[in-house]
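Per-entry structural report
Here is how the chains run, residue by residue.
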Amino acid sequence: MRSFNKIEENDISFFTQVCGEGNVLIGDEISEDFGRDEMTPESMRVMPEVLVTVDQANQVSRLLEYATQKRIPVTPRGQGTGLVMGSVAVHGGLMLDLSKMDGILELDRENLTLTVEPGALIMDIRAFAEAHDLFYPPMPGEQSASIGGNISTNAGGMKAVKYGVTRDYVRGLEVVLPTGEILQLGGKVAKNSSGYSLKDLIIGSEGTLAIVTKAILRLVPNPACTVSLLVPYPDALSAIRAVPILLQGKIMPVAVEFMEGDVIVAAERYLGKKFPDHSAEAYLLLSLDGRSKDDVERDYEHIATTCLHTGAIDVFISDTQERQDAIWSARGAFLEGIKAMTTEMDECDVVVPISKIVEFLEEKQALEQQSSLRIRSFAHAGDGNLHVYILKDDIDDATWEKQLHLVMSALYRKARDLGGKVSGEHGIGFMKREFLEQSAGAKAVSLMRGIKRVFDPEGILNPGKVC
Amino acid sequence: MPRSPHIITCIKQVPGSTEVEIDDNGSLIRNAVAAKMNPFDLFAIETSLRLKEQNGATVTAITMGPPRAELILREAFMMGVDEGVLLTDRRFAGSDVLATAWTISQGILSLAPYDLVICGRQTTDGDTAQVGAEMAEFLGIPHVTNVRAILSSSDESITVEVDLPGAIQVACLHFPCLITVEKDIFQPRLPSFRRKLATRDKQVKVLCLDDLPDTDEKHYGLLGSPTKVQRVYPPRRDVTKEIVHGDPQTLAERLFHELEGRKFLQ
């Protein structure tokens, strides 16, 4: 890694000239929130030297061109809701706060696209679409994340089984390269076989190749009716074993989530709200949508019958907004609920083939028994994407570091052996680079580094991340 | 051997959204929109089922409405209710609070003996929160509204906590009696698919005006309704936002005063 330059007075003058006096904060003026994301351990917090709030692509362009010339590291930042330190300025330098670029710019009804700025929040985009009887399907647990952040990690979430992930809903991007050029990639077109898909390369690149300043999102018609099924199983493994069977049927659920009783209780405590059922150790939560109540009822009866055949204790039906809120608000609070259970934690966001989730969970259970650590998990089971959290509790730092590394290494090794990947949706960021290299292999990582050099010859953009 | 307690739970089918049409009499046109069980009634059903689990009561759900209101009785079966009664008759149409309370209380009388009547706090369409109390008056039984907790129950009485403005009252009511329960007294259970399969062929008891103890048509429907509705419209939604700027100290103080002013903090 080549060394970077520290920010000096004349640099700050330039930033102020570009963005205005009140939009440049230095040192102690910067809130400590900008030194971490949602999962950064206390010991690893790093503050940027300067925080600049931008509101136009040409500001981003001028700042990046300048930073490349001056070899100043630049970290793009949205809502800071990431889990792998992707938006933490690990090399200090300049942080670009894009959260004020939050406009919803254009709804194009003929092309079913919505053009937004990177700081627009997922919850606002979804609400805007729904107000126009349209639907933006990607639904990560963190609805207060920004679309820029979701694009940077190719976020998936809870509707990916039927609808896919963020990449499937990005038609076009406006990006600023580290050298300052502003590029339009993709567009409002539905298909594109015109050379390498640079747009798709940017999606999931975690702000290491370019900074997104505008996105053209694809919308779909709003499903008229949605019903969820909360399916209790006697234990975790029997719930997970049912998943491939449910997905083999003729009806494609929107979501197939896996959750365990103690995580539900943690979410209840966090929210101060009761979950509608406590009868089982483990649950699947399925969601189905369709054009009419009758259509969806026919579909859910078919799936519910299959659930009973796979050993479900019962199938509970959530068919009104009140019931959906009671279930899905708890589901959305799992991460915060688990965080509130312990002092510190680290997470593993592996994705494995759906048929291998059982084996992965068995490994997780064995590791929990062998180690002295509590391990909690939930999963987008229909995507084979597990979120496993290792809790520090009251263990001393040295033991924690050692045990955590052992457990993490074992989990990632198991995922790799099962044909899985390091991250399903949270990204690699700073925290998971070691495991990416092990998983993807030296050649693939060297190709990634080559791509990085082409986009960012001086390596100033979000350094220390991904590869 | 003494019979098991009989709980009657009053439920209602309401429009699934606030975008409803009104006819010339000021009544909601119910066929035009998707319908659902009144959300407040889910808490009444849950309270009934908790008591049933404690003391082996039989729970009957009763509703008044058009034939398609049977759907919410089927939903009540799916939650664990034992019997369902539908009060339906064209002559009930256009009932105001008074006529509704009279009709359902007549239905309850025809289901006697009963020990406890449980209602939700209010409906989301009529919004009066008066039908429960009026029914108790017609039935000549004691009642309390706004029950927020069940403290105990026996074969003869029930002790409840009542959420009054500025005070919590503990009340013991002897059976037969009526209570209306607050939202969040319990988290309502979800309808069960196993119960749906098991109760698919279960009959709902249908009562029309001629089946009730009082068969005087003038007491029912529009004829029995002194209320004349001038105009009905959905409430205005206030979505104004205020963004406050300032240093953390100022913002914290402002937030505290806002919360205090809205009685979230005391």
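Residues numbered from 1 in each chain as written. Chains lettered and ligands numbered in written order. Predicted model: local features only at pLDDT ≥ 70, side-chain atom pairs only at ≥ 80, totals over all residues.

**Description of the overall build of chain B**
Condition: Secondary structure elements follow DSSP: runs of H or I of four or more residues count as helices, runs of E of two or more count as strands, with numbering from the N terminus. Buried, partly exposed and exposed are defined by the number of other C-beta atoms within 10 Å of a residue's own C-beta, namely 20 or more, between the two limits, and 12 or fewer respectively, with C-beta atoms placed from the backbone. Any two residues are considered in contact once their C-beta atoms, placed from the backbone, lie within 7 Å.
When you go through chain B residue by residue, the secondary structure sums to six helices and eleven strands. Expressed along its principal axes, the backbone C-alpha trace of chain B runs to roughly 70 × 50 × 40 Å. Here chain B, with 266 residues, has 39% of them falling under the buried criterion. Long-range pairs, those at least 24 residues apart, make up 69% of the contacts in chain B with a sequence separation of at least 6.

**Observations regarding the overall build of chain A**
Basically, it comes down to this: Only C-alpha atoms enter the radius of gyration; for comparison, a globular chain is expected to reach 2.2 Å times N to the power 0.38, where N is the number of residues.
Within chain A one finds 15 helices and 18 strands. Here chain A has a C-alpha radius of gyration of 22 Å; the compact-globule value for 467 residues is 23 Å, and the two agree. Once the C-alpha set of chain A is aligned to its principal axes, its extents read approximately 70 × 60 × 45 Å. Looking at the 467 residues of chain A, the share that counts as buried comes to 51%. When contacts within chain A are restricted to residue pairs at least 6 apart in sequence, those whose partners lie at least 24 apart make up 73%.

**Points about unusual backbone geometry**
For the peptide bond that leads from Ala-112 of chain B to Pro-113 of chain B, omega is 5°, which places it in the cis range. Of note, the bond from Phe-175 of chain B into Pro-176 of chain B is cis; its omega dihedral lies within 30 degrees of zero at -5°. Phi at Glu-206 of chain A takes a positive value of approximately 55°, unusual for a residue other than glycine. Following the sequence through the fold, Glu-206 of chain A ends up in the loop between α6 (198-202) and β10 (211-218). Of note in this structure, Asp-393 of chain A is not a glycine but carries a positive phi near 55°.

**Comments concerning the sheet that holds strand β8 (residues 170-176) of chain A**
All names here are of chain A. As a reminder of what qualifies: DSSP calls a pair of strands paired once it identifies at least 2 bridges connecting them. Lines fitted to the C-alpha atoms define the axes, with helices restricted to the stretch that makes contact. Angles between their N-to-C directions range from 0 to 180 degrees.
Overall, antiparallel pairing links the five strands, which are arranged β5-β6-β10-β8-β9 in an open sheet. The two strands at the open ends of the sheet, each matched to only one other strand, are β5 (104-108) and β9 (182-186). The average undirected angle you get between the axes of adjacent strands in this sheet is 15°. Note: strand β6 (residues 113-116) against β10, four bridges, orientation antiparallel. Looking at the pairing, Leu-114 lines up with Leu-217 of β10.

**Some words on the packing of helix α7 (residues 236-247) of chain A against helix α9 (residues 293-309) of chain A**
Residues and elements named next belong to chain A. Test applied: Any angle between 65 and 115 degrees counts as roughly perpendicular, while under 35 counts as roughly parallel, over 145 as roughly antiparallel, and the rest as oblique. Crossing chirality is assigned from the near helix's rotation relative to the far helix, an anticlockwise turn below a right angle marking it left-handed and a clockwise turn marking it right-handed. Gly counts as polar in this scheme, as do all residues outside two lists: the nonpolar Ala, Val, Leu, Ile, Met, Phe, Trp, Tyr, Cys and Pro, and the charged Asp, Glu, Lys and Arg.
For the pair α7 and α9, interaxial distance at closest approach is 10 Å and the crossing angle is 140°. The orientation of α7 with respect to α9, classified from their angle, is oblique. The interaxial crossing formed by α7 with α9 has right-handed handedness. When α7 is examined against α9, the residues Ala-242, Ile-245 and Leu-246 are found in contact with a partner set consisting of Ile-303, Thr-306 and Cys-307. Class assignment for the residues of the contact of α7 with α9 results in five nonpolar, one polar and no charged.

**A look at the sheet that holds strand β1 (residues 24-26) of chain A**
All names here are of chain A. Spatial ordering of the open sheet is given by β1-β2-β4-β3, a layout of four strands whose pairing is mixed. Looking along the sheet, the strands with just one partner apiece sit at the ends: β1 and β3 (74-77). Between one strand axis and the next, the sheet turns through 20° on average, direction left out of account.

**What about the interface of chain A and chain B?**
With 15 residues of chain A in contact, the opposing surface of chain B contributes eleven residues. Put simply, the parts of the chain that give the side of chain A that touches chain B at least two residues each are α9, β15 (316-318) and α10 (321-332) of chain A. Its residues assigned to classes, the side of chain A that touches chain B comprises seven nonpolar, two polar and six charged.

**Some words on the nonpolar core**
As a reminder, the rule being used: Throughout this description, the term nonpolar core refers to a group of buried Ala, Val, Leu, Ile, Met, Phe, Trp, Tyr and Cys residues whose C-beta atoms join them within 7 Å.
Among the nonpolar cores identified, the biggest contains 140 residues, and Val-52, Leu-96, Leu-229, Val-231, Tyr-283 and Leu-284 of chain A are the most heavily contacted of them. Top element by residues in this core is helix α13 (residues 397-417) of chain A. It accounts for seven residues. When near neighbours in sequence (up to four residues on either side) are disregarded, Tyr-283 of chain A contacts Leu-230, Val-231, Pro-232, Tyr-233, Ala-239 and Met-259 of chain A. By size, the runner-up hydrophobic cluster in this structure holds 59 residues, among which are Val-59, Ile-104, Phe-175 and Val-181 of chain B.

**Structural notes on the domain arrangement of chain A**
One widely used convention gives an interface's size as the accessible area the parts lose upon coming together. The condition that has to hold: For each domain, the first and last residues come from an automatic or database assignment.
Segmenting chain A into domains produces domain 1 (9-100), domain 2 (104-221), domain 3 (225-322) and domain 4 (342-427). If you average the C-alpha positions of domain 1 of chain A and of domain 3 of chain A, the two centres end up 42 Å apart.

**A word on helix α6 (residues 248-261) of chain B**
Side chains that are three or four residues apart share a direction in an α-helix, a result of its 3.6 residues per turn. Going by this rule: To estimate how far a helix should reach, multiply one less than its number of residues by 1.5 Å.
For α6 of chain B, which comprises 14 residues, the first-to-last C-alpha distance of 20 Å matches the rise-based estimate of 20 Å (1.5 Å per residue) to within 8%. Lys-263 of chain B sits one or two positions beyond α6 of chain B and adopts a positive phi of about 65°.

**Some remarks on the confidence of the model for chain B**
The following threshold applies: Each residue carries a pLDDT score, the predictor's confidence in it, ranging from 0 to 100.
Overall, the predicted model of chain B reaches an average pLDDT of 91, with 94% of residues at or above 70. Of the two predicted TM-score estimates for the complex, the pTM is 0.88 and the ipTM is 0.85.

**Description of the environment of Gly-141 of chain A**
Residues and elements named next belong to chain A. Inspection of the secondary structure puts Gly-141 in the loop between β7 (134-135) and α4 (147-153). Separated by 28 residues in sequence, Gly-141 and Tyr-169 place their C-alpha atoms 17 Å apart. With residues up to four places along the chain from it excluded, the contact list for Gly-141 reads Gly-157, Met-158, Gly-332, Phe-334 and Leu-335.

**Considering helix α12 (residues 357-370) of chain A**
Residues and elements named next belong to chain A. What counts here: Our arc is simply the arc of the directions from the helix axis toward the C-beta atoms.
The end-to-end C-alpha distance of α12 is 20 Å, a good match for the 20 Å that 14 residues give at a rise of 1.5 Å each. For α12, every residue scored as buried is listed here: Ile-357, Phe-360, Leu-361, Lys-364 and Leu-367. In a view along the axis of α12, the buried residues occupy a sector of 120°, so they form one face of it. Exposed positions of α12 whose direction lies more than 90 degrees from the buried face are Ala-366, Gln-369 and Gln-370. Buried residues along α12 sit against α7, β17 (374-380), β18 (385-391) and α13.

**Here we look at the pairing of strand β14 (residues 282-290) of chain A**
Residues and elements named next belong to chain A. Most of β14 sits inside the fold, with eight of its nine residues counted as buried. Pairing of strand β12 (residues 225-233) with β14 involves nine bridges; the strand directions are antiparallel. Within the sheet, the bridge partner assigned to Val-227 lies in β14 and is Leu-288. Pairing between strand β13 (residues 255-260) and β14: six bridges, direction antiparallel. Each bridged residue has a counterpart across the sheet, and for Met-259 the counterpart in β14 is Tyr-283.

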